[in-house]
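The lines below spell out each chain.
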Amino acid sequence: KDNRLVFSGYLSLANNGGFASSYLSARLPDLKGYKKLRISLQGDGRRYGLSLLSRLNQPSVVHRYYFSTVKDEPMNVEVPFADMYATRRWETLPA
């Protein structure tokens, strides 16, 4: 009913830090009727990437989208599915 996931914490650059990751294995409903994903976040001025993996049709294909944040600004980032690009082992695949 709530239709959201929460991933929160503090990203530190100390000790060569700066990477955060979250993994969710779930069966999502059919997304054919949807055109985008919305992410609500508190910006820190850094650039982030969203990676979505589907094992249903194309094994090892990850769809990526990068976005920038504004420091100390609450933001809603719209991620149009059409703007995501497919990669396999970090190589961009033809559209």
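Sequence positions are assigned chain by chain, starting from 1 and proceeding in written order. The model is predicted, so local features are restricted to residues of pLDDT at least 70 and side-chain atom pairs to those at 80 or more, both for listing and for counting; the totals for chains, interfaces and linings are taken over all residues. The side-chain numbers reported here are obtained from all heavy atoms of the structure, hydrogens and water having been left aside.

Trainee: Lay out the overall build of the protein in plain terms, naming residues and giving numbers.
Mentor: Per the convention used, a helix needs a DSSP run of H or I reaching at least four residues, while a strand needs a run of E reaching at least two, with both numbered from the N terminus. What the protein contains, in helices and strands, is zero helices and six strands. Along its sequence from the N terminus, the protein presents helices and strands in the succession β-β-β-β-β-β. A simple rule labels every residue: compare its accessible area, found with a 1.4 Å probe on the protein chains alone, to the largest value its type can have, and call it buried under 20%, exposed over 50%, or partly exposed in between. Relative to its full complement of 95 residues, the protein shows a buried share of 15%. Note on contacts: a residue pair qualifies if any of its non-hydrogen atoms lie within 4.5 Å across the two residues. In the protein, the share of contacts with a sequence separation of at least 24, taken over all contacts with a separation of at least 6, comes to 52%. As displayed, the protein has an accessible area near 8,600 Å², and 51% of this comes from carbon and sulfur atoms. Note on areas: these come from Shrake-Rupley sampling with a 1.4 Å probe, and a residue is covered only by the protein chains present in the view.

Trainee: Pulling in residues and values, what's your account of the sheet that holds strand S3 (residues 62-68)?
Mentor: Each pair of strands is called paired provided DSSP finds at least two bridges between the two strands. Across the sheet, four strands lie side by side as S2-S3-S5-S6; this open sheet has antiparallel pairing. Of all the strands in the sheet, just strand S2 (47-53) and strand S6 (91-92) have a single pairing partner and so form its edges. In this structure, S2 lies alongside S3, joined through seven bridges in antiparallel fashion. Its bridge partner lying in S3, Leu 50 is registered against Tyr 65.

Trainee: Let's hear about the environment of Tyr 23: which residues, and what values?
Mentor: Here Tyr 23 shows up in the segment before strand S1 (36-42). The class of Tyr 23 is exposed, set by a relative accessible area of 60%. The sequence separation of Tyr 23 and Leu 52 amounts to 29 residues, and the corresponding C-alpha distance is 9.6 Å.

Trainee: Quick one: what's the story with the pairing of strand S4 (residues 74-80), residue by residue and with numbers?
Mentor: On S4, burial follows the alternation: Met 75, Val 77 and Val 79 on one face are buried, whereas Pro 74, Asn 76, Glu 78 and Pro 80 on the facing-out side are not. Where S1 meets S4, seven bridges bridge the pair, whose relative direction is antiparallel. Its bridge partner lying in S4, Gln 42 is registered against Pro 74.

Trainee: Describe the nonpolar core, and please don't skip the residues or the numbers.
Mentor: Of all hydrophobic cores here, the largest spans seven residues; its members are Leu 50, Tyr 65, Phe 67, Met 75, Val 77, Val 79 and Met 84. Where this core is concerned, the elements lending two or more residues are S3 and S4. Among the elements that line this core, the one with the most residues is S4, at three residues. When residues no more than four places from it in sequence are discounted, the contact partners of Met 84 are Leu 50, Leu 52, His 63, Arg 64, Tyr 65 and Val 79. Nonpolar cores are built from buried Ala, Val, Leu, Ile, Met, Phe, Trp, Tyr and Cys residues. Side-chain atoms within 4.5 Å join them into one set.

Trainee: Outline the pattern of salt bridges, listing residues and values.
Mentor: For this document, the term salt bridge refers to a Lys or Arg side-chain nitrogen within 4 Å of an Asp or Glu carboxyl oxygen. Overall, the coordinates contain two salt bridges when judged by the stated rule. When the shortest N-O distance is used, the salt bridge between Lys 36 and Glu 78 registers 3.1 Å. Of the two residues, Lys 36 sits in strand S1 while Glu 78 sits in strand S4, which places them 42 residues apart along the sequence. For Glu 78, a relative accessible area of 32% gives the class partly exposed.

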